[in-house]
Amino acid sequence: TLVCWINFFLGFAVQGTTIFTPLFAEGLGATAWQIGLLGSMLGGSYLGFSIAAGRLSDYCGRLAFVRIGCIIAVFSLVGHLLVANYATLLVARTLLGVGQGLIIPPLVAYASDMGANMGKYSSIACLGWIFGALTCSFVSKIEMLFVIALGGMVIALIMVLLYRPR
């Protein structure tokens, strides 16, 4: 079940940053096309690294990818707090996609390998997304959302670093 909660905090962190990123980018002077590029780069890096990590984790072990992905996601979320312009936001969002791509496919495969109840696993991930979105409705400063998301991702990182397989 610890694997489920790692997934919860990942979903929480990602959803908590996704909702207001377009407004944040607009505040940095980004055009509509640039805002679309933010989503495309996150999605494209997520896709590319998902394919690679999913395949490689079949041969190289799953948890190493999850750990590396969590570290990258934490650095990405720190980067969100240090954003000075559109270009740095683009880098931070792209790195978040890389982290997601390294985490999610190997974590799903690992949960399945361990005989996890996949319905429960998926439901807890969705719960993370919901709590991330709900958090957005209660926090008035976008920068504070980045701090909260970072906190969630740090919890996931600590969990995965302390996790010892059966």
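To keep things clear, this report deals only with the structure shown in the data block. This is a predicted model, so every value here is computed, not measured.

## Some remarks on the overall build of the protein chain
Stage number 1. Looking only at helices and strands, the protein chain features seven helices and zero strands.
Stage number 2. In sequence order, the protein chain lays out its α and β elements as α-α-α-α-α-α-α.
Stage number 3. Its C-alpha atoms give the protein chain principal-axis dimensions of roughly 50 × 30 × 25 Å.
Stage number 4. Counting across all 166 residues of the protein chain, residues that qualify as buried make up 46%.
Stage number 5. The contacts of the protein chain with a sequence gap of at least 6 include a subset with a gap of at least 24, amounting to 84%.
Stage number 6. Only carbon and sulfur atoms are counted for the fraction: they give 73% of the accessible area of the protein chain, which is about 8000 Å².
Stage number 7. Each charge class in the protein chain can be summarised by its mean position, and for the 8 positive and 4 negative side chains these summaries are 11 Å apart.

## Focus on the packing of aromatic side chains
Stage number 1. For the structure shown, the criterion picks out six aromatic pairs.
Stage number 2. Ring plane angle 90 degrees and centroid distance 5.1 Å describe the contact between Phe24 and Phe146, whose orientation is recorded as edge-to-face. Linking Phe24 in helix α2 (residues 21-27) with Phe146 in helix α7 (residues 142-162), this pair joins segments that are 122 residues apart in sequence.
Stage number 3. Look at Phe24 and you get buried, because its relative accessible area is 10%.
Stage number 4. Among the aromatic residues, those joined into a ring-pair cluster are Trp5, Phe8, Phe9, Phe12 and Phe131.

## Quick word on the layout of surface pockets
Stage number 1. Of the pockets and cavities examined, the largest pocket occupies roughly 250 Å³.
Stage number 2. Lining the largest pocket are 15 residues; nearest its centre among them are Asn7, Tyr46, Ile104, Ala125 and Trp129.
Stage number 3. Only α1 (2-18), α5 (86-113) and α6 (118-138) provide two or more residues apiece to the lining of the largest pocket.
Stage number 4. The biggest single contributor to the lining of the largest pocket is α1, with six residues.
Stage number 5. Considered class by class, the residues forming the lining of the largest pocket number nine nonpolar, six polar and no charged.

## Considering a nonpolar patch on the surface
Stage number 1. A surface patch of nonpolar side chains, amounting to about 600 Å² of accessible area, comprises Trp5, Leu127, Ile130, Phe131, Leu134 and Phe138.
Stage number 2. Considering every element that reaches the nonpolar patch, the biggest residue donor is α6, with five residues.
Stage number 3. For Phe138, the position within the fold is in helix α6.

## Describing the pattern of salt bridges
Stage number 1. Tallying each qualifying case throughout the model produces two salt bridges.
Stage number 2. A salt bridge links Arg62 to Asp58; the nearest nitrogen and oxygen atoms lie 2.9 Å apart.
Stage number 3. Using a relative accessible area of 15% as the deciding quantity, one classes Arg62 as buried.
Stage number 4. A relative accessible area of 44% means that Asp58 is categorised as partly exposed.
Stage number 5. Of the charged contacts in the structure, one is a salt bridge between Arg62 and Asp113, with a shortest N-O distance of 2.5 Å. In this pair, Arg62 sits in the loop between α3 (32-60) and α4 (63-82) while Asp113 sits in helix α5, placing the two residues 51 residues apart along the sequence.
Stage number 6. We classify Asp113 as partly exposed; its relative accessible area is 46%.
Stage number 7. Beyond isolated ion pairs, a larger network of salt bridges with shared partners links Asp58, Arg62 and Asp113.

## Looking at the side chain of Ser50
Stage number 1. Within the secondary structure, Ser50 sits in helix α3.
Stage number 2. Classification of Ser50 as buried rests on a relative accessible area of 12%.
Stage number 3. Non-local contacts of Ser50, meaning those with residues more than four positions away in its chain, are made with Gly101 and Pro105.

About the criteria used
Residues numbered from 1 in each chain as written. Predicted model: local features only at pLDDT ≥ 70, side-chain atom pairs only at ≥ 80, totals over all residues. Heavy atoms only, no water. Helix = DSSP H or I, 4+ residues; strand = E, 2+ residues; numbered from the N terminus. Buried < 20%, exposed > 50% of the residue type's maximum accessible area, 1.4 Å probe, protein only. Contact = heavy atoms within 4.5 Å. Areas by Shrake-Rupley, 256 points an atom, 1.4 Å probe, with all protein chains shown as cover. Lys, Arg positive; Asp, Glu negative; His and termini not counted. Charge placed at Lys NZ, Arg CZ, Asp CG, Glu CD. Phe/Tyr/Trp six-rings, centres within 6.5 Å; stacked < 30°, edge-to-face > 60°. 1 Å grid on protein atoms, 1.4 Å probe; cavity = no way out; pocket = protein on both sides within 12 Å on 5 of 7 lines; lining within 4 Å. Points joined across faces, edges and corners; volume = space filled by probe spheres on them. Nonpolar A, V, L, I, M, F, W, Y, C, P; charged D, E, K, R; others polar. Patch = residues over 30% accessible without salt bridge, like charges linked within 9 Å, V, L, I, M, F, W, Y side chains within 5 Å. Salt bridge = Lys/Arg side-chain N within 4 Å of Asp/Glu carboxyl O.

On their own, these measurements won't tell you what the molecule is for.
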